[in-house]
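# Summary of structural features
What follows is the residue order along each chain.
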Amino acid sequence: MRWLARLSLSVVLAAASEAASAEPLHAKIDQLIESQATGVEIAPSADDAEFLRRVSLDLAGRIPTVAEANAFLSDKAEDKRSVLIEKLLTGPDYPRRMQELFHVMLMERRGDNDEWLKFLRVCFEQNKPWHVMARAILNPDADNDELRGAAFFVTQRLVSEGAMAPVDVPGLTRDVGRLLAGVDLQCAQCHNHLTIPHYYQKDFQGLHMIFENVQTRRDVQFPAVSEKVMQAKKEFKSVFEQVALQTGPVVPGRGEVEIPVFEKGEEFAVAADPKTRKPGVPKFSPLNELATGLAAKENDIFTKNIVNRLWFVMMGRGLVEPLDLQHADNAPTHPELLNLLASEFVAHEFDIRWLLGELARTNTYQRSSMLPGEAEPPRESYAVAIEKRVSAEQLYWSVGIATGRFDAVRRSIRKGLVDAKKPEEEIKTIDEATLEELVAKSDELKTALADFKTNFGSGPKEPEVEFEPSVKGALYLMHESKIQKCLESGSATLVEDLLKTETDQAAIDHLFLRLLTRKPTDEERQQLASYLEENKERRSEALANVAWAMLTSTEFVVNH
Amino acid sequence: MNDTAAPKFEPKELKKIDTDRQVCLIRFSPCGQFLFGGGYDSIIRRWDMTVDEPQLLDPLVGHRGWVQKIEFAPQGEVLYSVDSWGQLCAWPYRDEAASPIWSVEAAHDGWIRDLAVSADGSMLATAGRDGSVRVWSAKDGSLNKELPQNEHDVRAVAIHPDGKSIVYGDLMGRIQHRDLASGKLVREIKFEKMHYYDRIQDVPGIYVLQFDEKGEILICAGGEPLSNTNHQGIPVLHQIAWASLETKRTQTFGAAKDGHIFDLAWHRDGYFAAVTSGNPGSGQFLLVRPDEDEPFFNFTKLSNCHTLALHPDGKQVVVAATNRNSQGNGAVRDKEGSYVGNSSPLHVFSLEAAS
Amino acid sequence: MNPQFCNSAEHGVSRRRVLGAIGGTTAGLGLGALGGMVQPAVGEELAKSDKQILLLWLDGGMSQLESWDPKPNTRFGGPLRSISTSLPGVHISELMPKTAKLMHHLATVRTMKTEDANHSSGVPKILRGHPKNRGVVYPFWGSAVAKVMGPTKSGLPPYLWVKPGSGGFISKYAGFLGAKYGALALGDGKPPTNLVRPETLSEQNANERRELQQLFNQRYAARRRKGSNEANSYVYDVAEKLMQNQKLFDESLLPDKDRERYGKHDFGRHTLLARNLIEAGVRFVQVTSYGWDTHGDNFNAHASRMPKADQVYAALIEDLIDRGMMDNVLVVMMAEFGRTPRINGSVGRDHWPNAWSLSMTGTGIKKGVVVGETLADGTDVKTEPYDIGAMFHTWYQAVGIDSKKVEFMNGTQPLPIAHDDMAPVKELLA
């Protein structure tokens, strides 16, 4: 009955927070979290270095550069954290990071598609509201060049995987529920859910029939879907009772939609064009009903799903866990907070950037990941920052930046252009190329990115939630030649820069700042100094060894 | 080849004979009166086909494994049969309660794949899964000759009409021509595609080897297998010129689902009648001229056709197919709760053009 | 794959999280096996155990009629003969002459009766021992053993899977136990990619790197929750263990005689590797042979496949006897079901959970027994049927685990390691 007690507590809090409603959201969040974290020792705020690394990984998808670290650590301004958050949210890395994050979240490594990636990129560049994105996904508009790639969410899930694995419409149905409404209806496919009283078979079947009615368009090259005319309700049976039931299309969180009746021959708004093989557009579009009904302010589960997921991204744990099992018997750890996040998110027009900013400004987010005492406080207390999985993409950008591999590739491409006496303009484009543009110009960097996804991403269809290191990932970092290259002078700048330092102490300080975004402890300084001293005859090897150990250390591969 | 163009026509299904069991092979007796069917249950069934409703007579009983091949002596009313336990028998096929004239219980170690009778009726050749090929006296079943042992399952055997050469084809798609007297290898060819290896399994493609009457053409029929679990493959028929051992023509019938040619007969009007069985219920009964790519008749309404018997008068053919819904996981039971087996319905077709 | 049945993850995960057992900080990420045992003392005992398990999995469903339970010269018996064995009165298929001579070392069950006639749900059901639905996803057998017993003192990863095709770490087999109890799959018996240290990296540098890494990790972990660093360290330890045992994966080092005896086909090569892995101390090794789903041409298929399985199984049993390993290794050869008695139009046999057979031997198992009898035509069991749950009890008992007492711990929820309504089959236990 703990949740009942919690409920009465949150009623009190709700009253209190109304009085202080002028307060910004991040302050209200901290109140709600801290009032519930009783009986546990709360960790102090993370120091600037820990905060900088964490927020850079979260909002820029990479660790900070040495220059960024120096600037932030030496900045004396009181509000420098807030300023940094704003800078990251409006900076050039943010759309890329969000694209990577949402790509993995929504596609679960089922494959890539340029049009889809463009859709995500455009949305985050323009900070499109979440309900607009979700509607683009659920009812893709093939005439909108920027957003049409959203159809990939559906089309990629309708690809047949061969004779033994036909097109998986139930899988698509399930994913729409899981990823956009936070409800996993799979078990309700064949019967009302056994252990979750609020997941009904009708919900599954009613959503399923919407996608049974969808076809992947073959007349265009980009991902696109069309719909058939829906005329009749769907019949289904429970495997337990074998009683015939029926339903029309059902929008999660909203209920059944009436199927309108049209005169024969009047069903289409736009007739099919047999010449171009362009399919017709029926007057009644269940996808449109789904998109506008599901992704709506009035739909609580839609809003709670995304705020819960964004909370998870920043805090390392969902208020509802698993992220796709919202239901009455799986209460959020902080019901009042979830309600607050949802209502504020709606009030701010589904603004993802705004919410991430507010979350980053909380003390809850900015706490140290170091345990204040002997005990491990429960994760749901948020008394200590929760360590988060570093995605394959975050790891890739971070390794490349830390080792200066990107810098060296840029240098070598530049040299090629200079040697070939290319015009200034062209050389300038390389100097100014973003890391992504640089990768696009280098086969090796491209291959390495694919390697990272293979070795550090989960398999297709597996959500990436927890830190799950693998033996193959370890072996990759241990032995792969592309990683070795990152530690060789000539092909990366890290060891080159270290060899230029005048003292071992300077080298050690540089290593820590560049790779781990912090200063060494005295003990570390001593240990490494003696290691370097012992191996001064083979200094570049010794420095490479230290760098490798840092790169593969838990501190590097986990977002703490 | 027969130079006169064969009539093209649509065979008509005359009747269907229901069976209660599955058969491996059916053949008409040379006199045309009887239809024999070698069964999965070791019994050789016998129907009198001269009456309107074909009548099931007493069977030939004595085999134990599957009776997969039946042949007849060119003269006299003798039927030879082999089974999957290695037995070779000769039967007076007209006798009401036939018992074997002679029998070799262990002609092979296990499954005998094929049986051939020489044109003069003096010799029988058998080939088996044990890799051996043997020649027997048709008169008393004594062993005349043991050909060199093969590494692989030998799936089909034929004796050249001149009585001097023997050919046989194995699991790997290799066909050997050997001198009957010395056993020496004379020539060989290999159809690589008539063998498929997948997941520790060799899948055979050779099902039939047959000479034409003059001994000028050797037919090798079966399939080009494409799967180890589902009987998928492309049914194929190679016409090999005996003089050069060159493949003169290759005909394929259908797609991967169609499987293999299981049985084939050469009609005296100059066309082949063949049946195929594939995955999961595909079956073709087809008639094709040797010089054309497409069958002039292809009947696909039967499931899994395994064998056909051409009446000696050339006017009728019987196709053994399989009952519908022969596939299914778990225990399939009838209304009384009995476990349901499958059967091989026999479809009798007229080969005469409708006048 | 079309999720047809609720065999799957989803009931489960909900319960797991509701009950508060949280994955990210799963305890016991080290090499020990104590993380989730009900009674730590039992866990410690088991971790010290030298019992090992080798599972030969004939994926797709081997035919019982063409192997352990032939019905020659009956309606559904097929074309093949049976042969006598070293057990008086017991016959098996003629396709297994080598195993026939070793039947007195084996225990055979002929009355397996299980529920699922589909591969997609049948395979996981069997490999999980088909426990009662507790709202969690049960681990596959290998993961369960990895959890309950942990690695042997060799320190090698406890659950290796030798299979044709690709390899990798298959975390989903672990079910609710958490990813790290998944199977490390050696695709085509080959070691994981990047196992071999490149020449450009000297042994000295490699060692120094690992030492330095541990230095950083220790400092980091000292003030953090245990999970992350244990997990990260664990994968490097396993990687290193595998490197130390690189020779295990080098086929060229195997004696020609062994390679002949096991056969040079995949199943032979992979089982020979498995024997070496068992000898090197891997707790649980599964070898998978694919392609037994003989819906078409069942008899030629088995005529080609079965002698290879016969060769493999016989060579393995001989080796276990010769090397004195029968006392500590449990061997099981099985599939997800057998094949229908009735022969379909494609001369094949379809899926048959109703009355099928499996074989076992080794530690704890009574030798020379055949348990159960099917009807004369093979169309059902005649004597007491056994579900896979009874086998799991039997096998756990055989390796010294009291399957009625030892439980998994899923947060605060104790879960039986085998179906709680079933019991070991006494006739099978030594």
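Preceding this paragraph is the structure being described.
Residues numbered from 1 in each chain as written. Chains lettered and ligands numbered in written order. Predicted model: local features only at pLDDT ≥ 70, side-chain atom pairs only at ≥ 80, totals over all residues. Heavy atoms only, no water.

Our focus in this paragraph is the overall build of chain A. Counting its secondary structure elements, chain A contains 28 helices and 10 strands. Referenced to the eigenvectors of the C-alpha coordinate spread, the extents of chain A come out at roughly 85 × 65 × 45 Å. Looking at chain A as a whole, 59% of its 560 residues qualify as buried. Considering only contacts within chain A whose residues lie at least 6 apart along the sequence, 67% involve residues at least 24 apart. With an accessible surface of roughly 23200 Å², chain A has 52% of that area assigned to carbon and sulfur atoms. (Helix = DSSP H or I, 4+ residues; strand = E, 2+ residues; numbered from the N terminus. Buried < 20%, exposed > 50% of the residue type's maximum accessible area, 1.4 Å probe, protein only. Contact = heavy atoms within 4.5 Å. Areas by Shrake-Rupley, 256 points an atom, 1.4 Å probe, with all protein chains shown as cover.)

Here we come to the packing of helix α2 (residues 25-36) of chain A against helix α15 (residues 352-361) of chain A. The axes of two packed helices give the description: the angle between them and the distance between them. Residues and elements named next belong to chain A. One way to put it is that α2 packs onto α15 with a least axis distance of 8 Å and a crossing angle of 50 degrees. With respect to each other, α2 and α15 are oriented oblique. Regarding α2 and α15, the two cross each other, and that crossing is right-handed. Residues L25, H26 and I29 of α2 touch α15, and the partners they reach there are W354, L355, E358, L359 and R361. Grouping the amino acids of the contact of α2 with α15 by side-chain chemistry returns 5 nonpolar, 1 polar and 2 charged. (Axes fitted to C-alpha atoms, helices over the stretch in contact; angles between N-to-C directions. Parallel < 35°, antiparallel > 145°, perpendicular 65-115°, else oblique. Left-handed = near helix turned anticlockwise from the far one by under 90°. Nonpolar A, V, L, I, M, F, W, Y, C, P; charged D, E, K, R; others polar.)

There are 2 pairs of chains in contact here, and the one with the most contacts is chains A and C. Taking C-alpha atoms as the reference, chain A and chain B come no closer than 12 Å and do not contact one another.

Moving on, we get to the interface of chain B and chain C. Contact with chain B, which involves 50 residues of that partner, is made by 46 residues of chain C. Summing the contributions of chain B and of chain C, the shared interface buries around 3700 Å²; its carbon and sulfur component is 49%. Three residues, W85, I200 and Y339 of chain B, lead the burial of chain B against chain C; their summed loss comes to 20% of the area buried on that side. Where chain B touches chain C, the interface holds 3 salt bridges. Two residues, K308 of chain C and D202 of chain B, come together in a salt bridge whose shortest N-O distance is 3.9 Å. Taken together, chain B and chain C are joined by 30 residue pairs in polar contact (both at pLDDT 80 or more). Secondary structure elements with two or more residues in the side of chain B that touches chain C: β18 (195-198), β19 (201-204) and β28 (303-310) of chain B. When residues in the side of chain B that touches chain C are grouped by element, the largest group, 3 residues, is from β19 of chain B. Here the residues of the side of chain B that touches chain C sort into 14 nonpolar, 23 polar and 13 charged. (Buried area = accessible area lost by both parts, 1.4 Å probe. Salt bridge = Lys/Arg side-chain N within 4 Å of Asp/Glu carboxyl O. Polar contact = N/O pair within 3.5 Å; in protein donor to acceptor, adjacent residues only side chain to side chain.)

What follows deals with the packing of aromatic side chains. Given two aromatic rings, their pairing is described by the distance between the two centres and the angle made by the two planes. Summed over the entire model, instances satisfying the criterion amount to 52 aromatic pairs over all chains. Ring plane angle 85 degrees and centroid distance 6.1 Å describe the contact between W548 of chain A and Y236 of chain C, whose orientation is recorded as edge-to-face. Here W548 of chain A is found in helix α27 (residues 539-552), whereas its partner Y236 of chain C is found in helix α7 (residues 226-244) on a different chain. Members of the aromatic cluster, each reached through a chain of ring pairs, are Y94, F102, F124, W130, F302, F345 and F350 of chain A. Here R157 of chain A stacks its cationic end above the ring of F153 of chain A, 4.0 Å away from the centre of that ring. If you follow R155 of chain B out to its NZ or CZ, it ends over the ring of Y207 of chain B, 4.7 Å from the centre. (Phe/Tyr/Trp six-rings, centres within 6.5 Å; stacked < 30°, edge-to-face > 60°. Lys NZ or Arg CZ within 6 Å of the ring centre and 35° of its normal.)

Along an α-helix, a turn takes 3.6 residues, which lines up residues three or four apart on a common side. Residue and element names in this part refer to chain C. End to end, helix α9 (residues 266-280) covers 21 Å across 15 residues, agreeing with the expected 21 Å (1.5 Å per residue, within 8%). With 12 of its 15 residues buried, α9 lies for the most part within the structure. Among all positions of α9, only F267, G268, R269, H270, T271, L272, L273, A274, R275, N276, L277 and I278 are buried. At the exit of α9 stands G281, carrying a positive phi of roughly 110 degrees. (Expected span 1.5 Å × (residues − 1).)

The next thing to look at is the pattern of salt bridges. As enumerated under the stated definition, the model contains 98 salt bridges over all chains in all. The residue R405 of chain A makes a salt bridge to E444 of chain A at a minimum N-O spacing of 3.3 Å. Separated by 39 residues along the polypeptide, R405 of chain A in helix α18 (residues 405-419) and E444 of chain A in helix α21 (residues 443-456) bring together distant segments of the chain. Look at E444 of chain A and you get partly exposed, because its relative accessible area is 28%. Salt-bridge contacts for D114 of chain B lead to K69 of chain B; the nearest nitrogen and oxygen are separated by 2.7 Å.

Let us look at the nonpolar core. Grouped together as the largest cluster of nonpolar side chains are 149 residues, with contacts concentrated most on L54 and L277 of chain C. In terms of residue count, the dominant contributor to this core is helix α10 (residues 298-322) of chain C (11 residues). The contact partners of L277 of chain C, leaving out residues within four places of it in the chain, are L160, V162, L186, L248, F249, V282 and V285 of chain C. Grouped together as the second largest cluster of nonpolar side chains are 98 residues, L106, V176, L287 and F312 of chain A included. (Core = buried A, V, L, I, M, F, W, Y, C linked by side-chain atoms within 4.5 Å.)

What follows is about the sheet that holds strand β3 (residues 34-39) of chain B. All names here are of chain B. Taken in spatial order, the 4 strands of this open sheet run β2-β3-β4-β5, and their pairing is antiparallel. The sheet is open, and its two borders are formed by β2 (23-28) and β5 (55-60), each paired with just one other strand. Between one strand axis and the next, the sheet turns through 25 degrees on average, direction left out of account. Pairing analysis gives 5 bridges linking β3 to strand β4 (residues 44-48), with the strands arranged antiparallel. Pairing of G37 across the sheet is with R45, part of β4. (Pairing = 2+ DSSP bridges.)

Let's shift gears to the sheet that holds strand β27 (residues 297-299) of chain B. Residues and elements named next belong to chain B. Spatially, β24-β25-β26-β27 is the arrangement adopted by the 4 strands of the open sheet, whose pairing is antiparallel. Edge positions in the sheet fall to β24 (260-267) and β27, since each has one partner strand and no second. If you compare each strand with its neighbour and ignore which way they point, the axes differ by 15 degrees on average. Relative to β27, strand β26 (residues 283-288) runs antiparallel, the two sharing 3 bridges. When the sheet's bridge partners are listed, L286 is paired in β27 with N298.

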